Amino acid sequence: AQTVTQSQPEMSVQEAETVTLSCTYDTSESDYYLFWYKQPPSRQMILVIRQEAYKQQNATENRFSVNFQKAAKSFSLKISDSQLGDAAMYFCAYSSDSGGGADGLTFGKGTHLIIQP
Amino acid sequence: EADIYQTPRYLVIGTGKKITLECSQTMGHDKMYWYQQDPGMELHLIHYSYGVNSTEKGDLSSESTVSRIRTEHFPLTLESARPSHTSQYLCASSAGLAGLTDTQYFGPGTRLTVL
């Protein structure tokens, strides 16, 4: 079974600074997908960024980028120019590309990101 | 935000009651999922569906049941609620393109409290 580990229960960053959230995972599969989701307080879970394991290039979405290290099974999220609206729980998630098998997401325990004004 | 809806958003009920949590999506997605989010925020898959008349159990054992009679609708039922069922329940859907994993879109969640 796959596991996802987020070792930082909470992170704090000053507004406009850069912060990196860590995620490691364990799998024996070669094809899979990795995601970062954001869950603001009492609000909907939304996708921040996604990475296909077969792509060597790191995914980027505006201020959000990942550092995907397949051999090390590491998938960190970098948030540049942090804004107050970035405050939320951030979840790292894994999904296998099993071609018809169960492909629900396996989540890490989350990192609570605090933005200091 | 995605077009996926859950009702009710909050529910407080007594032990032994039967409840149904509603989930609907208007995106025409084939795949739908239910996740349980415990007070520590950890999420676990409890049910999923590949399409109409398809239902499967997820990684976390749950006493709840689901049905998928229509593509857009994926309700979750607890026949007899207990305090241990107190949790947040998140519904999600994805396009499920021909065996390829696709991005899951989440509803706002139902926060259930069983007294």
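Residues numbered from 1 in each chain as written. Chains lettered and ligands numbered in written order. Predicted model: local features only at pLDDT ≥ 70, side-chain atom pairs only at ≥ 80, totals over all residues. Heavy atoms only, no water.

### Here we look at the overall build of chain B
Argument step 1. Helix and strand counts for chain B come out as 0 helices and 11 strands.
Argument step 2. When the helices and strands of chain B are listed from N to C terminus, the series reads β-β-β-β-β-β-β-β-β-β-β.
Argument step 3. By its C-alpha atoms, chain B is 40 × 25 × 25 Å across when sized along the principal axes.
Argument step 4. Taken across its 115 residues, chain B has 47% of its residues classed as buried.
Argument step 5. Long-range pairs, those at least 24 residues apart, make up 53% of the contacts in chain B between residues at least 6 apart in sequence. (Helix = DSSP H or I, 4+ residues; strand = E, 2+ residues; numbered from the N terminus. Buried < 20%, exposed > 50% of the residue type's maximum accessible area, 1.4 Å probe, protein only. Contact = heavy atoms within 4.5 Å.)

### A word on the nonpolar core
Residue and element names in this part refer to chain A.
Argument step 1. Core analysis: the biggest nonpolar cluster contains 25 residues, and Y25, W36, F75, L77, Y90 and L113 have the highest contact counts within it.
Argument step 2. Of the residues forming this core, the biggest block, 4 residues, is contributed by strand 10 (residues 88-96).
Argument step 3. If we skip the residues at most four places from it in the chain, L113 touches M11, V13, V19, L21, I79, D86, A87, A88 and Y90. (Core = buried A, V, L, I, M, F, W, Y, C linked by side-chain atoms within 4.5 Å.)

### Remarks on the confidence of the model for chain B
Argument step 1. With 93% of its residues at a pLDDT of at least 70, chain B reaches an overall mean of 90.
Argument step 2. By mean pLDDT, the top-scoring element of chain B is strand 3 (residues 19-25) of chain B (97), and the lowest-scoring one is strand 6 (residues 56-57) of chain B (90). (pLDDT = per-residue confidence, 0-100.)

### Here's the deal with the state of the cysteines
Residue and element names in this part refer to chain A.
Argument step 1. Taken as a whole and judged by the stated rule, the model has 2 disulfides over all chains.
Argument step 2. The partner cysteine of C23 in its disulfide is C92, sulfur to sulfur 2.0 Å. Taking the torsion about the S-S bond as the criterion, the C23 to C92 disulfide, at about -70°, is left-handed. Here C23, found in the loop between strand 3 (19-21) and strand 4 (24-26), pairs with C92, found in strand 10; they are 69 residues apart in sequence, far enough to count as distant. Accessibility assignment for this pair places C23 and C92 in one class, buried. (Disulfide = S-S within 2.5 Å.)

### Considerations on the environment of I4(B)
Argument step 1. In this fold, I4(B) is placed in strand 1 (residues 4-7).
Argument step 2. A C-alpha to C-alpha distance of 8.1 Å links I4(B) and C91(B), two positions 87 residues apart in sequence.
Argument step 3. For I4(B), the residues in contact, after removing those within four places along its chain, are Q44(A), C23(B), S24(B), Q25(B), M27(B), C91(B), A92(B), S93(B), Y105(B), F106(B), G107(B) and P108(B).

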